[in-house]
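Descriptive analysis of the structure
Each chain, written out:
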Amino acid sequence: MFRTKRSVLVRRLWRSRAPGGGEEEDGEPGETAADSRAHGAGGGRGCCMGKSGKLAKAHLGSEAELKALTHAVLKRLKEKQLEVLLQAVESRGGARTSCLPLPGKVDSRLGQHWYSLPLLLCKVFRWPDLRHCSEVKRLCCCESYGKTHPELVCCNPHHLSRLCELESPPPPYSRYPMDFLKPTADCPDSVPSSTETGGTNCLAPGGLSDSQVLQGPGDRSHWCVVAYWEEKTRVGRLYSVQEPSLDIFYDLPQGNGFCLGQLNSDNKSQLVQKVRSKIGYGIQLTKEVDGVWVYNRSSYPIFIKSATLDNPDSRTLLVHKVFPGFSIKAFDYEKAYSLQRPNDHEFMQQPWTGFTVQISFVKGWGQCYTRQFISSCPCWLEVIFNNQ
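Residues numbered from 1 in each chain as written. Predicted model: local features only at pLDDT ≥ 70, side-chain atom pairs only at ≥ 80, totals over all residues. Heavy atoms only, no water.

Positive phi, normally seen in glycine, also occurs at Arg 92, with a value near 55°. Counting through the fold element by element, Arg 92 comes out in the loop between α3 (79-90) and β1 (101-103). For Glu 231, which is not glycine, the phi dihedral falls at a positive 55°. Tracing the chain through its elements places Glu 231 in the loop between β10 (224-230) and β11 (233-241). Judged by its relative accessible area of 29%, Glu 231 falls in the partly exposed class. (Helix = DSSP H or I, 4+ residues; strand = E, 2+ residues; numbered from the N terminus. Buried < 20%, exposed > 50% of the residue type's maximum accessible area, 1.4 Å probe, protein only.)

With that settled, consider the packing of aromatic side chains. Going through the model one piece at a time under the given rule, you end up with 10 aromatic pairs. Pairing Phe 303 with Tyr 369 gives two aromatic rings, centres 5.8 Å apart and planes at 80°, and the pair type is edge-to-face. Of this pair, Phe 303 sits in strand β16 (residues 302-305) while Tyr 369 sits in the loop between β19 (356-361) and β20 (380-385), and the two are 66 residues apart along the sequence. Classification of Phe 303 as buried rests on a relative accessible area of 0%. (Phe/Tyr/Trp six-rings, centres within 6.5 Å; stacked < 30°, edge-to-face > 60°.)

A separate point is the packing of helix α1 (residues 5-15) against helix α2 (residues 63-74). For the pair α1 and α2, interaxial distance at closest approach is 11 Å and the crossing angle is 140°. In terms of axis orientation, α1 runs oblique to α2. Crossing handedness for the pair α1 and α2: right-handed. Residues Arg 6, Val 10, Leu 13 and Trp 14 of α1 pack against Glu 63, Leu 66, Lys 67, Thr 70, His 71 and Leu 74 of α2. Taken together, the residues that form the contact of α1 with α2 break down as five nonpolar, two polar and three charged. (Axes fitted to C-alpha atoms, helices over the stretch in contact; angles between N-to-C directions. Parallel < 35°, antiparallel > 145°, perpendicular 65-115°, else oblique. Left-handed = near helix turned anticlockwise from the far one by under 90°. Contact = heavy atoms within 4.5 Å. Nonpolar A, V, L, I, M, F, W, Y, C, P; charged D, E, K, R; others polar.)

To continue, consider the environment of Trp 229. Among the structural elements, Trp 229 can be located in strand β10. A polar atom in the side chain of Trp 229 sits 3.3 Å from the side chain of Glu 382. (Polar contact = N/O pair within 3.5 Å; in protein donor to acceptor, adjacent residues only side chain to side chain.)

This part takes up the pairing of β11. Where β10 and β11 come together, six bridges link them in antiparallel fashion. Paired with Val 226 across the bridge in β11 is Tyr 239. With antiparallel pairing between neighbouring strands as the criterion, β10 and β11 make up a hairpin whose turn holds two residues, including Glu 231 at a positive phi of roughly 55°. (Pairing = 2+ DSSP bridges.)

A few words now on the nonpolar core. Formed by 38 residues in total, the largest nonpolar core has its most connected members in Val 226, Val 294, Ile 304, Ile 359, Phe 361 and Phe 385. Counting residues in each nonpolar core, the second largest holds 30 residues, with Trp 14, Leu 66, Leu 121 and Cys 155 among its members. (Core = buried A, V, L, I, M, F, W, Y, C linked by side-chain atoms within 4.5 Å.)

Time to look at the sheet that holds strand β6 (residues 160-163). If you walk across this open sheet you meet the seven strands as β4-β6-β18-β15-β14-β12-β13, and the pairing is mixed. Of all the strands in the sheet, the pair left with one neighbour each is β4 (136-138) and β13 (257-259). Strand-to-strand twist across the sheet, computed as the mean angle between neighbouring axes with direction ignored, equals 30°. In this structure, strand β14 (residues 283-288) lies alongside strand β15 (residues 291-296), joined through six bridges in antiparallel fashion. Bridging across to β15, Gln 284 finds its partner in Tyr 295.

All right, on to the confidence of the model for the protein then. Scored by pLDDT, the protein comes out at a mean of 76, with 70% of its residues at no less than 70. At the low end of the mean pLDDT range in the protein sits strand β8 (residues 200-203), at 34; at the high end sits β10, at 97. When the criterion is pLDDT under 50, residues 342-351 qualifies, and its contacts beyond four places in sequence or with other chains add up to 18 contacts. (pLDDT = per-residue confidence, 0-100.)

This next bit is on the side chain of Arg 138. For Arg 138, the position within the fold is in strand β4. One buried charged side chain, Arg 138, makes no salt bridge at all; its nearest oppositely charged neighbour is Glu 143, positioned 9.5 Å away. A distance of 3.2 Å separates a polar side-chain atom of Arg 138 from the backbone oxygen of Cys 154. Beyond its immediate stretch of four places on either side in the chain, Arg 138 contacts Pro 118, Ser 144, Tyr 145, Val 153, Cys 154, His 159 and Leu 160. (Lys, Arg positive; Asp, Glu negative; His and termini not counted. Salt bridge = Lys/Arg side-chain N within 4 Å of Asp/Glu carboxyl O.)

Under the defined criterion, the tally for this structure stands at 10 salt bridges. One salt bridge connects Lys 5 with Glu 79, and the closest N-O pair in it is separated by 3.6 Å. With a gap of 74 residues between them, Lys 5 in helix α1 and Glu 79 in helix α3 connect regions that are remote in the sequence. With a shortest N-O distance of 2.7 Å, Glu 83 and Lys 5 are connected by a salt bridge. Of this pair, Glu 83 sits in helix α3 while Lys 5 sits in helix α1, placing them 78 residues apart in sequence. Overlapping salt bridges, with partners in common, bring together Lys 5, Glu 79 and Glu 83 in one network.

Following this line, the structure appears as structure tokens:
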């Protein structure tokens, strides 16, 4: 019996839905199969919260009910819209796909919950445990970004990310003394200033790179620079960022930005090569109105340390674990300036880590891991913000 193209697209989409559950696998402490599932596709793992990853199936509706509802929604779409949705789902966000504008006021009932169309498609194709619109964040590449209550809203599930919740109280992934934020009287391990940024690199305890990038007064040619490291060795030149959004990746089907796969590395370590191959789609770094956001596009967790992610009164810094498909506001300018105390002459004259964020791919560091410092991680980034 012959099938129409529409019915074939609908069948392919349903087969590409996000799987639920997740069994334990070998890997880093606290990492499950759900953590490494491609690009946030299911698993129900909370972000930075150490959740068990088990779905609360009560009142969420049966598989048959979900299938019937999904097919009913997909059959309303035009053939071109189905093709766009299928490309986004099958590429797991790797392909650049257009928005999928649909009526924003249409809700569907599943079990005892009501879902808007964007939320329902995210639940089907990315996060089966998703319940409320407050759990997701729209990406800046989306036409619906920043709009409130539009007639048509984008329903492309890969134009949204899952919000990373900060933990309270925090699990002990890693904590660093806030004394790292205070400048020292001298920097005996300093190296010559970068020829690209004019900044000074200072080696902090454990080989942790503590950089400050300051160009001429009032210079706003870039809002940040990015350095890629493999263990204690920086690979390639500093990457200056002028555009509001930057993709940092090893292998991305469609994309331009900072391609780590094009850098020449002399590191022959099997672990470094293994982690490098897992970077995949990498991350998206975006400067937005409320700060700088990091979206984990890869298939594995990333780990982030930033002074503005913690309580200003805390004397320790936490390394945050961000799962695939999740976003976190990694840097807040207002908090950074308040921590810096701009009226303090000593703080203005010395390198300060408050304008630097460290991001490690796949491997964490701290007291729950064998690596105590990020310089022991196979592949990591240093993002240095322009504070002018």
